[in-house]
Amino acid sequence: MDKKLVIANWKMNIPNEGIDHFLKSVIPEITDLQYVQPGICPPYLFIPKLFELLDNSSVLLGAQNLHYEDNGAFTGEISAQLLKTYCSLVIIGHSERRRLFHETDEEISRKIQTATQCNLTPILCVGENITERKNNLSNKIVTSQLITGLSKINNFNKLIVAYEPLWAIGSGNAATPNDIELMVKVIRQVITERFGIESQNSVRIIYGGSVSENNITKIITLPNMDGVLVGNASLDPLQYSNIVKNIETIIT
Ligand code: 13P
């Protein structure tokens, strides 16, 4: 059985007490677990520091974005070629990037392609906003994000898809287990129908949006749920390690 993923997305934040304190309190709690694979995606600036501090731990290190070109005149951007020295994961197409930085599905597909070519595991984020949800467009939106986002790869072995409904992110109210279960089914179905059975089996699907130590049990015990992508709660060492430890206990 694959370990459950608990990926911290720190966004443009670092933990309140600082990175050293965070890692000092968290690492002993989350290393070498039997059923959980933790990971941390800090702001770019802190990636080399975490790379050193996480050395010899089993915690994965990831980035929050990349540019699809290998190098060139792209001021302010960072390539997979540069990231792969330090990272094994990369978040792609987060809703904040789609919404605030106008990333399109086509650009996201190029990023997924580049990440895969550079041996980085992409975490493709998909999800609908509140208006789309109210208009019963959730399945349609997520399906089209998947079909275009994954259109340039044929190796799905390492792919992770994160269902992150925009209305749940940062709201304190996670999607209901029922909503999540239904969407995980849709995602698996789209991947099977569009890209073949093999890809369906190798792709891991995780959930993000107000995940906390209080709701993790209900989320992680859903059928075919491979893990979580955690924003706010991942900045608090106690919350983050409780999420990880809860999963380890439940799965045991
Ligand atoms: P929150 O856990 O703060 O809702 O953020 C979720 C998220 O966007 C993770 O990528």
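Bear in mind that the values here come from a model prediction, so they are computed numbers and not experimental data.

Draft legend 1. Structural context of the sheet that holds strand E8 (residues 227-230). One closed barrel holds the 8 strands; their spatial order is E1-E2-E3-E4-E5-E6-E7-E8, and the pairing between them is parallel. Between one strand axis and the next, the sheet turns through 25 degrees on average, direction left out of account. When strand E1 (residues 4-9) meets E8, the two strands line up parallel, connected through 4 bridges. Considered in E8, the bridge of Val-6 is made with Val-228. Across the sheet, helix H7 (residues 138-149) is in contact with strand E5 (121-126) and strand E6 (160-163); its angle to E5 comes to roughly 150 degrees.

Draft legend 2. Representation of helix H8 (residues 177-195). Under the 1.5 Å per step criterion, the end-to-end length of H8 is 26 Å for 19 residues, consistent within 8% with the ideal 27 Å. For H8, the set of buried residues is Ile-180, Met-183, Val-184, Val-186, Ile-187, Arg-188, Val-190 and Ile-191. One or two residues past the end of H8 sits Gly-196, with phi positive at roughly 100 degrees.

Draft legend 3. Representation of the packing of helix H1 (residues 19-30) against helix H11 (residues 237-251) in the model. It is the contact of H1 with H11, at a shortest axis distance of 9 Å, that shows an interaxial angle of 15 degrees. Here H1 is positioned roughly parallel relative to H11, judged by the angle of their axes. In this structure, H1 crosses over H11, and the sense of that crossing is right-handed. When H1 is examined against H11, the residues His-21, Phe-22, Ser-25, Val-26, Glu-29 and Ile-30 are found in contact with a partner set consisting of Pro-237, Tyr-240, Ser-241, Val-244 and Lys-245. Considering only residue class, the contact of H1 with H11 consists of 6 nonpolar, 3 polar and 2 charged.

Draft legend 4. Structural view of the nonpolar core. Ranked by internal contacts, the top residues of the largest apolar core, which has 66 residues, are Val-6, Ile-40, Leu-146, Leu-150, Ile-187, Tyr-207 and Tyr-240. If one sorts the elements of this core by residue count, H8 sits on top with 7 residues. Other than its neighbours up to four places away in sequence, Leu-146 contacts Leu-124, Val-126, Val-161, Ile-187, Val-190 and Phe-195.

Draft legend 5. Expanded view of the side chain of Ser-138. On the secondary structure map, Ser-138 appears in helix H7. A relative accessible area of 11% places Ser-138 in the buried class. Aside from chain neighbours lying at most four places away, what touches Ser-138 is Glu-128, Glu-132, Arg-133 and Met-183.

Draft legend 6. Structural context of the layout of surface pockets. In this structure, the largest pocket spans a volume of roughly 480 Å³. If you go around the largest pocket, you meet 16 residues; those closest to its centre are Lys-11, Met-12, Gln-64, Arg-97 and Phe-101. Ranked by residue count, the leading element in the lining of the largest pocket is helix H4 (residues 95-100), at 3 residues. When its volume is computed, the second largest pocket comes out at roughly 180 Å³. Taken together, 16 residues form the lining of the second largest pocket, with Gly-170, Gly-209, Ser-210, Gly-231 and Asn-232 sitting closest to its centre.

Draft legend 7. Examining the packing of aromatic side chains more closely. Considering all chains together, one arrives at 5 aromatic pairs under this definition. Pairing Trp-10 with Phe-22 gives two aromatic rings, centres 5.1 Å apart and planes at 85 degrees, and the pair type is edge-to-face. Of the two residues, Trp-10 is situated in the loop between E1 and H1 and Phe-22 in helix H1; the sequence distance between them amounts to 12 residues. Considered together, Trp-10 and Phe-22 belong to a single accessibility category, that of buried residues. Taken together, a centroid distance of 6.3 Å and an interplanar angle of 55 degrees make the contact between Tyr-163 and Tyr-207 tilted. Of the two residues, Tyr-163 sits in strand E6 while Tyr-207 sits in strand E7 (residues 204-208), which places them 44 residues apart along the sequence. Judged on exposure class, the residue Tyr-163 and its partner Tyr-207 are both buried.

Reading guide: rules and limits
- Residues numbered from 1 in each chain as written.
- Predicted model: local features only at pLDDT ≥ 70, side-chain atom pairs only at ≥ 80, totals over all residues.
- Heavy atoms only, no water.
- Pairing = 2+ DSSP bridges.
- Helix = DSSP H or I, 4+ residues; strand = E, 2+ residues; numbered from the N terminus.
- Axes fitted to C-alpha atoms, helices over the stretch in contact; angles between N-to-C directions.
- Contact = heavy atoms within 4.5 Å.
- Expected span 1.5 Å × (residues − 1).
- Buried < 20%, exposed > 50% of the residue type's maximum accessible area, 1.4 Å probe, protein only.
- Parallel < 35°, antiparallel > 145°, perpendicular 65-115°, else oblique.
- Left-handed = near helix turned anticlockwise from the far one by under 90°.
- Nonpolar A, V, L, I, M, F, W, Y, C, P; charged D, E, K, R; others polar.
- Core = buried A, V, L, I, M, F, W, Y, C linked by side-chain atoms within 4.5 Å.
- 1 Å grid on protein atoms, 1.4 Å probe; cavity = no way out; pocket = protein on both sides within 12 Å on 5 of 7 lines; lining within 4 Å.
- Points joined across faces, edges and corners; volume = space filled by probe spheres on them.
- Phe/Tyr/Trp six-rings, centres within 6.5 Å; stacked < 30°, edge-to-face > 60°.

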